[in-house]
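Residue strings, one per chain:
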Amino acid sequence: MSNSKYTYGDLPDDLITKPYLPLSRHAWRLYQTLGYEAFMEEILPRMETDIIYDMMKLRLDESIFTARDVLDGAIKHPDKRLAWMMFPPVIPLRADLTQGTMKLLYGDSLDMTFFALKDLDQELLFLLNGHMENGIPVDWWLVGPDDEIFERRHIKYGFKLKDAFKHSKDMTKCGFQVMDILRDIRNERTPQWATTPYCVCMVWATGVIGFMVELSMFELVGMIWDGVGAKRAYGLPDHWFAYIPWPSMVRLLLFMNRGEFILRLAGLLSGNRLCINHIEESLLDTIKEMLDGTNFWEEAFINTAKLGFPWPSQTITAEPPNLKKKSAYKKEVFDWKYTKERWLTPEDFEMTFEEITRGLLLNISHKTQPWSVNPKDEIISIGWGREIEVFQDIIL
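In short, a report on the structure. Just so it is clear, the model here is predicted, and its values are computed rather than measured. (Residues numbered from 1 in each chain as written. Predicted model: local features only at pLDDT ≥ 70, side-chain atom pairs only at ≥ 80, totals over all residues. Heavy atoms only, no water.)

**Quick look at the overall build of the protein**
Looking only at helices and strands, the protein has 14 helices and 11 strands in total. In summary, the protein has a C-alpha radius of gyration of 20 Å against a globular reference of 21 Å for 396 residues, a match within 12%. Structurally, the protein occupies a C-alpha span of about 60 × 55 × 40 Å along its principal axes. Each of the 396 residues in the protein was classed as buried or not, and the buried ones make up 60%. Relative to all contacts within the protein whose residues are 6 or more apart in sequence, the contacts with residues 24 or more apart total 69%. By element, 50% of the accessible surface of the protein is carried by carbon and sulfur atoms, the whole surface being about 16300 Å². (Helix = DSSP H or I, 4+ residues; strand = E, 2+ residues; numbered from the N terminus. Rg over C-alpha atoms; globule rule 2.2 N^0.38 Å. Buried < 20%, exposed > 50% of the residue type's maximum accessible area, 1.4 Å probe, protein only. Contact = heavy atoms within 4.5 Å. Areas by Shrake-Rupley, 256 points an atom, 1.4 Å probe, with all protein chains shown as cover.)

**Thoughts on the state of the cysteines**
Two cysteines form a disulfide when their sulfur atoms are joined by a covalent bond. Counted by the stated rule, this structure contains 0 disulfides. Left unpaired, C174 is separated from the closest cysteine sulfur, that of C201, by 12 Å. (Disulfide = S-S within 2.5 Å.)

**A look at a negative patch on the surface**
A cluster of acidic residues, E281, D285, E289, D292, E298, E354 and E355, forms a negative patch at the surface. For the negative patch, the secondary structure elements donating two or more residues are α10 (281–290) and α14 (353–356). When residues of the negative patch are assigned to their parent elements, the largest contribution, 3 residues, is made by α10. In this fold, E298 is placed in helix α11 (residues 296–307). (Patch = residues over 30% accessible without salt bridge, like charges linked within 9 Å, V, L, I, M, F, W, Y side chains within 5 Å. Salt bridge = Lys/Arg side-chain N within 4 Å of Asp/Glu carboxyl O. Lys, Arg positive; Asp, Glu negative; His and termini not counted. Charge placed at Lys NZ, Arg CZ, Asp CG, Glu CD.)

**Digging into the environment of D108**
By the secondary structure assignment, D108 is in the loop between α3 (98–106) and β3 (109–117). For the pair D108 and M132, spaced 24 residues apart in the sequence, the C-alpha separation amounts to 7.8 Å. Residues contacting D108, with those up to four places away along its chain left out, are K103, M132, E133, N134 and G135.

**Section: the sheet that holds strand β4 (residues 124–133)**
Working definition: the strands of a sheet are paired by backbone hydrogen bonds and lie parallel or antiparallel to each other. Taken in spatial order, the 5 strands of this open sheet run β5-β4-β3-β6-β7, and their pairing is mixed. If you trace the sheet from one side to the other, it starts and ends with β5 (136–143) and β7 (241–244), each paired once. This sheet shows a mean twist of 20 degrees between the axes of neighbouring strands, independent of strand direction. In terms of strand pairing, β3 meets strand β6 (residues 198–204) through 7 bridges, oriented parallel. Residue pairing in the sheet places M112 in a bridge with C199 of β6. In the packing of helix α2 (residues 36–72) onto the sheet, the strands contacted are β4 and β5, and the crossing angle to β5 comes to about 160 degrees. (Pairing = 2+ DSSP bridges. Axes fitted to C-alpha atoms, helices over the stretch in contact; angles between N-to-C directions.)

**Comments concerning the pattern of salt bridges**
Throughout the structure, instances matching the rule amount to 25 salt bridges. A salt bridge links D54 to K57; the nearest nitrogen and oxygen atoms lie 3.6 Å apart. With D54 and K57 both in helix α2 and 3 residues apart, the pair spans about one turn of that helix. Residue K57 is classed as partly exposed on the basis of its relative accessible area of 30%. A salt bridge links E188 to R152; its shortest N-O distance comes to 3.1 Å. Here the residue E188 occupies a position in helix α5 (residues 171–189), and R152 occupies one in the loop between β5 and α4 (164–168), the gap between them amounting to 36 residues. Relative accessible area serves as the criterion here: at 23%, R152 is assigned to the partly exposed category.

What follows is the structure, given as C-alpha cells:
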C-alpha cells in the first residue's frame, strides 16, 4: 500500500485512462511524486504538443537513414548497431536484424498510421504515418493539430477526425471507423502506395511516457504486452494501445504469456542481448528547458536512472500487479514483484545518466545470472543509429 500523499482515489473519475496508470511503473510513480495537477494538467499537455511530436520525427528519420546506410554499405558493424524500429518508434532494433524482423512481423509492405490521443480531452493529438517496403523503413509523414485534416468529417458517422474517439469510446471501434479517412489521407500524400496493406495504431499519450524514460529494452517489450493486453490480461476496460487490424504474426505473439512474449520479441530485436535505451540529447535539452521548475526532469529521468533497471532474467519473471482484483485499486496494491537481486544503474557502467542514454548494446541476455559478470565489461557498443562506437569483437 502506497504512502504517497497522491492516491489513486485522488484521480478524477472522468480521466479515461485512470485505470491504466497503475499498469505503468513509471507513469504511476510520476503521478505519485508530482500529483495530478502537475503531472496530468501541466506537464503531460506540454509533453504532448512539443516533445512527443518532435521525438517521433527524430526517431523515424534516424530509422530510415540508418537502414539506408546499412543497405548501401556506408556504415559498418550492423550487428553491433542499434537504431529505432519504425513500428513502433520507441523500441531498439539491431540494424542487421531490421529487414528480417520487420518482414516477419508486418509482411513485405505496410503503411501504419499512429493515431495518438490526448488523455484529458480525448481528442486527436497527431497522426504519424510510416511506410515499410521489403522490411525496410522508407518514408514517413506527420500531421499536427493545426492541420485542416483534423477538421475532416467522416461521411457516414459525421464526426470530425479530431473527435473520433469521443464518438465510440472504444479503441478498436474508433480504429476501424477512422480507417477510411486515414487511408484517403495516406493516398493523397503518398499515392504511389495506395494499394499497400494498411494498419492503424491507436495510442494514449500516457502510454508513451513509460517508453520515454525506461532504460531496459526487455522492460520496453514487456510494456508493449501490458498495454496491448490491458483488456485481456489485466481486465481493464480497453487496450492502452492497439493495432487495428492486428498483423497476423503480432497477434500470434500476443497469445504467449508475458515472459514468453518478451523472450520471443527480444530475440527478434537484438538476439536477446540487453539494449540500454537511447534518449536524444536534443530531446533531453528541450525537456529540461521547457519543464524547468516542475521537477519532471529529476523524477522522470535522473531518479529513474538512480532506481536502475532489471537484469533481463528479472524482467521475464516479474509479476505484475493483479488489476483484476478490485481490492488492488482500493488498497493501491500496484507493486511489481521482481527477484531480489540489485538492479543495474549507470554507475555500474562507470557512466553518468547522459552517457548511458547514448544507448548501449550489451553481451548480457536472459541467460546471464545477475552479477555473474561485471556489467561494464559486457559493453559491445555505445551509440545509436549512424553515430556509434564499436568495442568488443563479440560474435552475436
